[in-house]
Amino acid sequence: SVDVLFLPVGEVSTFSVNLAVETVRAMEPHIVIPMHYKTEALNRELGTVDTFLKKMGTKEIEAKSSISLSRSSLPSNTEVVVLNYA
């Protein structure tokens, strides 16, 4: 059982978006935090998080500065959480 899954989704030197989505569906984590993707602060050849979110069927997400988790606060279904970057 996986509570929190940090998942690289930038496609270059990481998982393809399709493999990332398959991994989430196979592992069924409570929380997925995408990482290693293109942002305004990162000038590398990576895909954006938007492609992953779209394939996951996730509606618009507001990025969070932080999250606080406890076993009792975990969602029953998989939830994607995008964190702000500095």
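Higher on the page you've got the structure.
The rules behind these values
Residues numbered from 1 in each chain as written. Predicted model: local features only at pLDDT ≥ 70, side-chain atom pairs only at ≥ 80, totals over all residues. Heavy atoms only, no water. Buried < 20%, exposed > 50% of the residue type's maximum accessible area, 1.4 Å probe, protein only. Helix = DSSP H or I, 4+ residues; strand = E, 2+ residues; numbered from the N terminus. Pairing = 2+ DSSP bridges. Right-handed = clockwise from strand over helix to strand, strands pointing away. Arc of directions from axis to C-beta. Contact = heavy atoms within 4.5 Å. Axes fitted to C-alpha atoms, helices over the stretch in contact; angles between N-to-C directions. Parallel < 35°, antiparallel > 145°, perpendicular 65-115°, else oblique. Left-handed = near helix turned anticlockwise from the far one by under 90°. Core = buried A, V, L, I, M, F, W, Y, C linked by side-chain atoms within 4.5 Å.

J.: Can you break down the pairing of strand β2 (residues 31-35) residue by residue, with the values?
T.: A large share of β2 lies buried, amounting to four of its five residues. By the bridge criterion, five bridges tie strand β1 (residues 4-8) to β2 in an arrangement that is parallel. Bridging from a neighbouring strand, L5 pairs with V32 of β2. Handedness of the β1-helix α1 (residues 17-27)-β2 crossover: right-handed.

J.: Explain unusual backbone geometry to me, using residue names and the numbers behind them.
T.: With a phi close to 60°, S13 is a non-glycine residue in the positive phi region. Its place among the elements puts S13 in the loop between β1 and α1. S13 gets classed as exposed once you look at its relative accessible area, which sits at 79%. Phi at H36 takes a positive value of approximately 55°, unusual for a residue other than glycine.

J.: Tell me about α1, and name the residues and values.
T.: Within the sequence span of α1, burial applies to V17, A20, V21, T23 and V24. Summarising the axial view, the buried residues of α1 lie within an arc of 155°, below the 170-degree limit, and thus occupy one face. Structural note: α1 exposes E22, R25 and A26 on the side pointing more than 90 degrees away from its buried face. On its buried face, α1 is in contact with β1, β2 and α2 (49-56). Just downstream of α1, E28 is the residue with a positive phi angle, here 50°.

J.: Tell me about the environment of T58, residues and numbers included.
T.: Note on placement: T58 falls in the loop between α2 and β3 (79-80). Considered as a pair, T58 and V80 are 22 residues apart in the sequence and their alpha carbons are 7.6 Å apart. When near neighbours in sequence (up to four residues on either side) are disregarded, T58 contacts L53 and V80.

J.: Which residues make up the packing of α1 against α2, and what values go with them?
T.: As a packed pair, α1 and α2 sit with axes 10 Å apart at the nearest point and diverge in direction by 45°. The orientation of α1 relative to α2 falls into the category oblique. Crossing of α1 over α2 shows right-handed handedness. Contacts between α1 and α2 involve V17, N18, A20, V21, V24 and R25 from the former and T51, F52, K55 and M56 from the latter.

J.: Residues and numbers for the nonpolar core, please.
T.: Within soluble globular proteins, side chains that are nonpolar tend to cluster in buried spots. By size, the foremost hydrophobic cluster in this structure holds 15 residues, and its most contacted members are L7, V9, V24, F52 and V80. Of all the elements in the fold, those that place two or more residues in this core are β1, α1 and α2. Ignoring any residue separated from it by four or fewer positions in sequence, one finds V24 in contact with L5, L7, P29, V32, F52, M56 and T78.

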